[in-house]
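Residues per chain, in single letters:
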Amino acid sequence: MTRQGKPLVELRDISIAFGGIKAVDHVTIDLHPGEVVGLLGHNGAGKSTLIKCLSGAYQMDSGAIYINGEKAEIRNPRDARRYNIETIYQTLALADNLDAASNLFLGRELVTPLGFVDDAQMEAETRKIMGRLNPNFRKFKEPVKALSGGQRQSVAIARAVYFNAKILIMDEPTAALGPHETQMVAELIEELKAQGLGIFLIEHDIHNVMKLCDRASVMKNGQLVGTVDVKQVTDEDILGMIILGKTPDRGMV
Amino acid sequence: MHTPAPQEAAPKRSLMQSLELDTRLLGMIGAFVVICLVFNLITDGRFLTARNIFNLAIQTVSVAIMATGMVFVIVTRHIDLSVGAVLAICSAVMGVLQVQLLPAYFGLGHPAIMPLTVLGGLVTGAVIGAFNGWLVGYQRIPAFIVTLGGLLIWRNVGWYLTDGQTLGPLDQTFRLFGGVEGTMGSAISWGLGALFSVLAVFALWRGRQAKIRHEFPVKPLWAEGAMMVIAVGAIMGLVAILNSYEIPIGRLKRQFEAAGETMPVGYVDYYGLPISVLLLILIAVAMTLIARRTRFGRYVFAAGGNPDAAELSGINTRMLTVKIFMLMGVLCAISAMVAQARLANHTNDIGTLDELRVIAAAVIGGTALAGGVGTIYGAVLGAIIMQSLQSGMAMVGVDAPFQNIVVGGVLVLAVWIDIQYRKRTGEKV
Ligand SMILES: Nc1ncnc2c1ncn2[C@@H]1O[C@H](COP(=O)(O)OP(=O)(O)O)[C@@H](O)[C@H]1O
Ligand SMILES: [Mg+2]
């Protein structure tokens, strides 16, 4: 396994509360290069909140983030980008009124020597990368609100891939997709993993978890139930962790 | 025969497609043309005279300049109710500077008075706008409340600055911003028209080259040529009209007398393009460039379409809000220059109700209050349409109360038509 040496990301003892609710309660997880770690748990378990601390959308109340062994200060999404962290959010974070290229490059536009945004160049780059990720994609001129869920998701994924993410966070990337598009995302995850990215994957479908993830961390009520090596446990073991909060006898890491 | 021949319909659609014209823009131009023709008919041709078009143009400038900024404000789902009041305080500051403070220091008519006055106005507008933006962006007070407060505050701060007095006479150079006082004559107007024509053709051609370079589909050459002809025709047509408006004999005589000469017999001269209209054109072009070709403009529309997405994409949306309101404030200051110079003095009620005209212009021009949608040219056209309605009705002799009823009705009607249009094209309303 690739899990020797320094972890790519360590989230140590992270806590964050909203009002009285402890959304994330002293959770510690890590991620290695070329590894997919599944984040599991019921709705409201705190998965999205935890990864938003890493992506800079939320600021944790306590705890620390280490990237390549060094303490990282992530206060906003711009900070996260500096660490090559890219996030595909559960609620698709696209500006509906802009086209695919404008969304792909949002916040990091290509500009001409005069400093104007270079729409033609951005569209050309978008066509190139979409040709690789989703060759059926045609609607380059329309605002993304005209796109299907899968097409929109491929724009969001293209954004992460284009900017050379080292750490990729995917929050239920297949929730809004049909079987064919889900397969496309699954293949993409395999490919990115082979390229050495570390991926946090929040996923409800236990079969996808067993197929795509190396390890799985299970959360319940904001707390970490445990982390298991997916190869050494069964579906039932993981479901037991999710539903009962019970750690299995084997496979704990 | 009422059934349209099918073979007629098909080429019609493809003509529209090849020209890639914006149907909403065409609709607005159509409405404007209808308004002009109807008023021209009722007034026995007095509406479409060079003189009236000239007056319409200089009356529209102040509201149109602010409307371009209001587009950004509304696109980001905010509103600015304080523009009329900010215009008033900028005007008050500029009035005090050029009538009282600067002449006392430099002496009356000193060449430094105009630029320093303008600077004072621009700084005032920028600071107030930035402050509004800070309250909205960083303190999270709704823009409606911040600017409603501003509506009450700023005009009255201006009142204290001037003790409620009317300030005048204004600096001679400054008055050139007003319109009638500052026109460029036919020669320079033709020259500018030619320059803008060349630039328009060049821009269209450059756009085509960029598409070809990336192997994107382009319009057929004839369509591109037609666009160029339309653009040049519109520019030169406007210049031709303004250049055909004769300066009255009495005014010419006074000008010659002021220069210490006598006017030759049979001498005629024409107004040409007013400086204020040139200012509006430059601002509209600059704002369009900002909206479409700069990161700032891209972020304005992204934040309007999905504020969370903009924030998560690393855009500092709070700072963006400050910049948008600051830009609005600067545009209010420029409008204050034009309005004050046109009226030839500062009065305390300058720009009263302008906030409503400016918002109406932007909205009639297709800016959606739901955010994310709006164009600069639409807002300018909206301002022109409103001013034509108002002047036309005044010319026809419609009572002032009824004028307001009509303008109000048109505002609601325009938005209703826009909603129907969007429904039909499948856009989100
Ligand atoms: N911005 C917020 N404000 C208040 N409560 C929040 C916020 N974000 C998340 N929560 C709460 O935190 C808990 C965890 O939510 P979330 O992380 O979205 O769960 P999951 O992604 O595992 O379904 C929930 O109780 C949710 O209501
Ligand atoms: Mg979630």
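Residues numbered from 1 in each chain as written. Chains lettered and ligands numbered in written order. Predicted model: local features only at pLDDT ≥ 70, side-chain atom pairs only at ≥ 80, totals over all residues. Heavy atoms only, no water.

As recorded by an unreviewed UniProt entry, chain B carries the name Xylose transport system permease protein XylH and is attributed to Rhodobacter maris. Recorded in UniProt under Function (unreviewed entry), the annotation for chain B is "Part of the binding-protein-dependent transport system for D-xylose. Probably responsible for the translocation of the substrate across the membrane." The record in UniProt for chain B states the following under Subcellular location (unreviewed entry): "Cell membrane". (UniProt positions renumbered as here; feature names shortened; annotations may be inferred.)

As annotated in an unreviewed UniProt entry, chain A carries the name Monosaccharide ABC transporter ATP-binding protein (CUT2 family) and is attributed to Rhodobacter maris. Taken verbatim from the UniProt record of chain A, the Subcellular location (unreviewed entry) comment is "Cell membrane".

### Observations concerning the domain arrangement of chain B
Residue and element names in this part refer to chain B. Assigned domains of chain B: these are domain 1 (53-181 + 305-424) and domain 2 (183-273). A separation of 27 Å is found between the C-alpha centroids of domain 1 and domain 2. Each partner contributes to the interface: domain 1 provides 5 residues, whereas domain 2 provides 7 residues. Of the roughly 590 Å² buried at the junction of domain 1 and domain 2 (both faces included), carbon and sulfur atoms supply 69%. Three residues stand out in domain 1 for area buried against domain 2, namely Ile53, Phe54 and Val180, and they jointly supply 75% of the buried area on that side. On the surface where domain 1 and domain 2 come into contact, there are 1 salt bridge. Its salt-bridge partner being Glu181, residue Arg251 comes within 3.4 Å of it at the nearest N-O pair. Seen at the junction of domain 1 and domain 2, the total is 1 residue pair in polar contact (both at pLDDT 80 or more). (Domains from an automatic or database assignment. Contact = heavy atoms within 4.5 Å. Buried area = accessible area lost by both parts, 1.4 Å probe. Salt bridge = Lys/Arg side-chain N within 4 Å of Asp/Glu carboxyl O. Polar contact = N/O pair within 3.5 Å; in protein donor to acceptor, adjacent residues only side chain to side chain.)

### Comments concerning the nonpolar core
Counting residues in hydrophobic clusters, the biggest one holds 94 residues, and the most contacted among them are Ile65, Met70, Phe72, Phe174, Phe177 and Val300 of chain B. Of all the elements, helix α3 (residues 50-75) of chain B adds the most residues to this core, at 16 residues. Each of two domains, domain 1 (53-181 + 305-424) and domain 2 (183-273) of chain B, supplies a minimum of three residues to this core. When neighbours within four sequence positions are excluded, Met70 of chain B is seen to be in contact with Asp80, Val83, Met328, Val358, Ile359 and Ala362 of chain B. Counting residues in hydrophobic clusters, the runner-up holds 49 residues, among them Leu40, Ile88, Leu177 and Ile238 of chain A. (Core = buried A, V, L, I, M, F, W, Y, C linked by side-chain atoms within 4.5 Å. Buried < 20%, exposed > 50% of the residue type's maximum accessible area, 1.4 Å probe, protein only. Helix = DSSP H or I, 4+ residues; strand = E, 2+ residues; numbered from the N terminus.)

### Here's the deal with the UniProt feature "domain: ABC transporter" (unreviewed entry) in chain A
The positions UniProt marks with the feature "domain: ABC transporter" (unreviewed entry) are residues 9-246 of chain A. Across residues 9-246 of chain A, the secondary structure splits into 34% helix and 26% strand, with the terminal C-alpha atoms separated by 26 Å.

### Notes on the site of ligand 1
Residues and elements named next belong to chain A. As a structural note, the neighbourhood of ligand 1 is formed by Phe18, Ala23, His42, Asn43, Gly44, Ala45, Gly46, Lys47, Ser48, Thr49 and Tyr58. Here an oxygen atom of ligand 1 and a backbone polar atom of Gly46 are 2.9 Å apart. Between ligand 1 and the protein, one listed contact pairs an oxygen atom with a backbone N or O atom of Lys47 at 2.8 Å. Against a free-state accessible area of 560 Å², the protein chains account for coverage of 65% of ligand 1. Top contributing element to the shell around ligand 1 by residue count: helix α1 (residues 47-55), with 3 residues. For the shell around ligand 1, the per-class residue count stands at 4 nonpolar, 6 polar and 1 charged. (Near = heavy atom within 4 Å. Areas by Shrake-Rupley, 256 points an atom, 1.4 Å probe, with all protein chains shown as cover. Nonpolar A, V, L, I, M, F, W, Y, C, P; charged D, E, K, R; others polar.)

### Overview of the sheet that holds strand β5 (residues 70-72) of chain A
All names here are of chain A. Read from one edge to the other, the open sheet built from 4 strands follows the order β2-β1-β4-β5, with strand pairing classed as antiparallel. Edge positions in the sheet fall to β2 (21-31) and β5, since each of these pairs with one other strand and no more. Within this sheet the neighbouring strands show an average axis-to-axis angle of 30°, counted without direction. Here strand β1 (residues 9-18) pairs with strand β4 (residues 62-67) via 5 bridges, running antiparallel. Within β4, the residue paired with Glu10 across the bridge is Tyr66. Packed on one face of the sheet, α1 meets β1, β2 and β4 and runs near 115° to β1. (Pairing = 2+ DSSP bridges. Axes fitted to C-alpha atoms, helices over the stretch in contact; angles between N-to-C directions.)

### Points about the pairing of strand β8 (residues 198-202) of chain A
All names here are of chain A. Most of β8 is tucked away: 5 of the 5 residues are buried. A two-sided burial pattern is seen for β8, the buried positions comprising Gly198, Phe200 and Ile202 on one face and Ile199 and Leu201 on the other. Both strand β3 (residues 36-40) and β8 contribute to a ladder of 4 bridges, which runs parallel. Each residue of the ladder has a partner; that of Val37, found in β8, is Phe200. Bridge count for strand β7 (residues 167-171) against β8 is 5 bridges, and the pairing is parallel. Paired with Leu168 across the two strands is Ile199, which belongs to β8.

### Notes on the domain arrangement of chain A
All names here are of chain A. Split into domains, chain A comes out as domain 1 (1-84 + 165-253) and domain 2 (96-163). Summarising the inter-unit geometry, the C-alpha centres of domain 1 and domain 2 are found 27 Å apart. Taken together, the contact pairs 13 residues of domain 1 with 17 residues of domain 2. Counting each side, the surface lost to burial between domain 1 and domain 2 is near 1,100 Å², with a carbon and sulfur contribution of 58%. Three residues stand out in domain 1 for area buried against domain 2, namely Arg81, Met184 and Leu188, and they jointly supply 43% of the buried area on that side. Summed over the shared surface of domain 1 and domain 2, the number is 1 salt bridge. In this structure, the connection of domain 1 to domain 2 is made through 5 residue pairs in polar contact (both at pLDDT 80 or more). Of all the secondary structure elements, the ones that give two or more residues to the side of domain 1 that touches domain 2 are β7 and α6 (179-194). With 6 residues, the top contributor of residues to the side of domain 1 that touches domain 2 is α6.

### Describing the side chain of Thr227 of chain A
Residues and elements named next belong to chain A. Position of Thr227 relative to the elements: it lies in strand β10 (residues 223-229). Of the polar contacts made by the side chain of Thr227, one reaches the side chain of Ser217; its length is 2.9 Å. With near-sequence residues (within four places) excluded, Thr227 lies in contact with Ile29, Arg215, Ala216, Ser217, Met241, Gly251, Met252 and Val253.

### A word on the interface of chain B and chain A
The figure often quoted for interface size is the accessible area lost as the parts come together. At the junction of the two partners, chain B supplies 24 residues and chain A supplies 31 residues. Taken together, both faces of the contact between chain B and chain A bury some 2,300 Å²; the carbon and sulfur share is 59%. Applying the counting criterion to the chain B and chain A interface returns 2 salt bridges. A salt bridge links Asp119 of chain A to Arg298 of chain B; the nearest nitrogen and oxygen atoms lie 3.1 Å apart. When residues of the side of chain B that touches chain A are traced back to their parent elements, those giving at least two are α10 (275-293), α11 (295-305) and α12 (307-312) of chain B. Top contributing element to the side of chain B that touches chain A by residue count: α11 of chain B, with 6 residues. Here the side of chain B that touches chain A is composed, by residue class, of 10 nonpolar, 8 polar and 6 charged.

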